[in-house]
Amino acid sequence: QVQLVESGGGLVQPGGSLRLSCAASRSIFRFNAMGWYRQAPGKQRELVATIGTGGRTNYAEVVKGRFTISRDNAKNTVYLQMNSLKPEDTAVYYCNGKAFSSTTVDYWGQGTLVTISS
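Residues numbered from 1 in each chain as written. Predicted model: local features only at pLDDT ≥ 70, side-chain atom pairs only at ≥ 80, totals over all residues. Heavy atoms only, no water.

### With respect to the pattern of salt bridges
Part 1 of the reasoning: For the coordinates displayed, the defined rule picks out five salt bridges.
Part 2 of the reasoning: Two residues, Asp89 and Arg66, come together in a salt bridge whose shortest N-O distance is 2.7 Å. One end of the pair, Asp89, is in the loop between strand E8 (77–82) and strand E9 (91–100); the other, Arg66, is in the loop between strand E6 (57–59) and strand E7 (67–72), with 23 residues separating them in the sequence.
Part 3 of the reasoning: Two residues, Asp106 and Lys98, come together in a salt bridge whose shortest N-O distance is 2.5 Å. (Salt bridge = Lys/Arg side-chain N within 4 Å of Asp/Glu carboxyl O. Helix = DSSP H or I, 4+ residues; strand = E, 2+ residues; numbered from the N terminus.)

### Quick word on the environment of Thr53
Part 1 of the reasoning: When you line up the elements, Thr53 lands in the loop between strand E5 (46–52) and E6.
Part 2 of the reasoning: Residue Thr53 is classed as partly exposed on the basis of its relative accessible area, which comes to 39%.
Part 3 of the reasoning: Once the C-alpha coordinates of Thr53 and Ile28 are considered, the two residues, 25 residues apart in sequence, prove to be 8.3 Å apart.
Part 4 of the reasoning: The residues touching Thr53, leaving out its near neighbours within four places in the chain, are Phe29, Phe31, Asn32 and Arg71. (Buried < 20%, exposed > 50% of the residue type's maximum accessible area, 1.4 Å probe, protein only. Contact = heavy atoms within 4.5 Å.)

### Quick word on the nonpolar core
Part 1 of the reasoning: Of all hydrophobic cores here, the largest spans 31 residues; its most connected members are Leu4, Met34, Trp36, Leu80, Met82 and Tyr93.
Part 2 of the reasoning: Contributing elements (two or more residues each) for this core: strand E3 (18–24), strand E4 (33–39), E5, E7, E8, E9 and strand E11 (112–116).
Part 3 of the reasoning: Other than its neighbours up to four places away in sequence, Met34 contacts Leu4, Cys22, Ile28, Ala49, Thr50, Ile51, Ile69, Val78, Cys95, Asn96 and Gly97. (Core = buried A, V, L, I, M, F, W, Y, C linked by side-chain atoms within 4.5 Å.)

Okay, structure coming up:
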């Protein structure tokens, strides 16, 4: 069983930056794609960004130009650099790994809280 452990959340003022990390207990090459999702209070979980094994990235429109997803295969870690943070970015951020076979298997971390407030 692969475990994903997020870190790096916290309280930041609007306009600030944070970097989230997601450390996998095994090689992240076992995932066809990895990504970050978030869930704000009273809202559904939504996609933030994804990255494939080849490094191809995809972003939600609301974070394009502000957030950057990256991966360090040697460290089995995926990062989310978040700049120009806004109060509406406040949410629990979850790391996700997708393994494609006959079906898609999702692996999730426990989440890390990001709060943007002055």
